[in-house]
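# Descriptive structure summary
Here is what each chain is made of, one letter per residue.
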Amino acid sequence: MKYLVLTGALALTACAPAAHDHDHDNIENMAGESAILSQSDVSEDIASWGSFFPYFTEETHVLKPVLVGVAKIDAGQEIHPPHRHADEEYLMVTKGRGTWYLNGEESPANEGDILFARAWDYHGVKAAPDSPLEFVVFKYSGQDGHAPKDPNPELPEELGGE
């Protein structure tokens, strides 16, 4: 099965006052508002594999749920094994290198690469044994609540089912 890895630049634009003009408590109450966040505005979640910075987690007027964040994976580690879910997801490697997993295929993950995983496609990324890896994640579903139908609903959770 072929995999899709896009290489290129991802540009995000925002036309709002910088979020760092607000205190941290106000940032959590800005659901759906335009904002610019600095890494210092976000609480770091430390884990055994590295750390995660959840920048945006509130739903918007068109997306629910939403997860936009930065993961910093230690060399040789992964956040979790390849998995699947009803949400669509983009992952962009911003530092380091490792291995992409997409629907049973493996390929090199390098700085600037972007992976797109459709709903229910198996996906993941692991840092190379000698290189930490940093990536940005954009994960979302539509507000209408109509998630795509799971093509393999009988798949047990330990094999990637929900």
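Counting from 1, residues in each chain are numbered in the order their sequence is written. Local features are withheld for residues below a pLDDT of 70 in this predicted model, meaning they are given only at 70 or higher, and side-chain atom pairs are given and counted only at 80 or more; totals for whole chains, interfaces and linings count all residues. To get the side-chain values, all heavy atoms of the structure are used, and hydrogens and water are removed first.

It is worth spelling out the overall build of the chain at this point. Check the secondary structure of the chain and you find 1 helix and 9 strands. Counted from the first residue to the last, the chain has its helices and strands arranged as β-α-β-β-β-β-β-β-β-β. Taken over 162 residues, the chain has a buried fraction of 39%. Contacts were defined at the residue level, with two residues in contact if any of their heavy atoms lie within 4.5 Å. Contacts in the chain between residues far apart in sequence, at least 24 positions, make up 61% of those at least 6 positions apart. Values of accessible area rely on a 1.4 Å probe in the Shrake-Rupley scheme; residue burial ignores everything except the protein chains shown. If you sum the accessible surface of the chain, you get close to 9,600 Å²; carbon and sulfur atoms cover 52% of it. Here a strand is any run of E in DSSP of at least two residues, a helix any run of H or I of at least four, and the numbering for each starts at the N terminus. Burial classes: relative accessible area under 20% of the type maximum marks a residue as buried, over 50% as exposed, and values in between as partly exposed (1.4 Å probe, protein chains only).

With that settled, consider the nonpolar core. Take the buried residues of types Ala, Val, Leu, Ile, Met, Phe, Trp, Tyr and Cys, join any two whose side-chain atoms come within 4.5 Å, and each joined set is a nonpolar core. With 16 residues, the main nonpolar core has I73, L91, W100, V125, L133 and F135 as its most contacted residues. Elements that contribute at least two residues to this core include exactly β4 (63–73), β5 (88–102), β7 (113–117), β8 (123–127) and β9 (133–142). The residues touching L133, leaving out its near neighbours within four places in the chain, are A71, K72, I73, V93, K95, G96, R97, G98, A109, V125, K126 and A127. Formed by 9 residues, the second largest nonpolar core is a distinct cluster that contains L37, Y55, V68 and V136.

Burial runs high along β9: 8 of the 10 residues are buried. Note: β4 against β9, 9 bridges, orientation antiparallel. Bridge pairing in β9 links V66 to Y140. Only strands that DSSP links by at least two bridges are regarded as paired with each other. Two elements, β5 and β9, share 8 bridges in a ladder whose sense is antiparallel. Bridge assignment links G96 to a residue of β9, and that residue is L133.

Turning to the side chain of H83, a few remarks are in order. Secondary-structure assignment places H83 in the loop between β4 and β5. Any pair of N or O atoms that falls within 3.5 Å is considered a polar contact. Within protein, one atom must be able to donate a hydrogen and the other to accept it, and sequence-neighbouring residues count only if both atoms are side-chain atoms. Polar side-chain contacts of H83 include one of 3.1 Å to the side chain of H80.

This part covers the confidence of the model for the chain. For every residue, the predictor assigns a confidence score, pLDDT, that lies between 0 and 100. Residues at a pLDDT of 70 or more form 74% of the chain, whose mean pLDDT is 79. Contacts for the low-pLDDT stretch residues 1–30, under 50 throughout, to residues beyond four places or in other chains number 49 contacts.

Next up on the list: the pairing of β4. Working note: regular strand, side chains alternate between the two faces of the sheet. The sheet contact formed by strand β3 (residues 50–56) and β4 spans 6 bridges and is antiparallel. If you follow F52 over to β4, its bridge partner there is A71. Remark: 6 residues form the turn of the hairpin made by β3 and β4, two consecutive strands paired antiparallel.

A few words now on the packing of aromatic side chains. Centre distance within 6.5 Å is the pairing criterion for rings of Phe, Tyr and Trp, where only the six-membered ring of Trp is used; planes under 30 degrees apart are then read as stacked, over 60 as edge-to-face, and the remainder as tilted. Evaluated as defined, the whole model comprises 2 aromatic pairs. With 4.8 Å between their ring centres and 40° between their planes, Y90 and F116 make a pair best called tilted. In this pair, Y90 sits in strand β5 while F116 sits in strand β7, placing the two residues 26 residues apart along the sequence. Of the residues examined, Y90 reaches a relative accessible area of 32% and is grouped as partly exposed. Members of the aromatic cluster, joined through ring pairs, are Y90, F116 and Y140.

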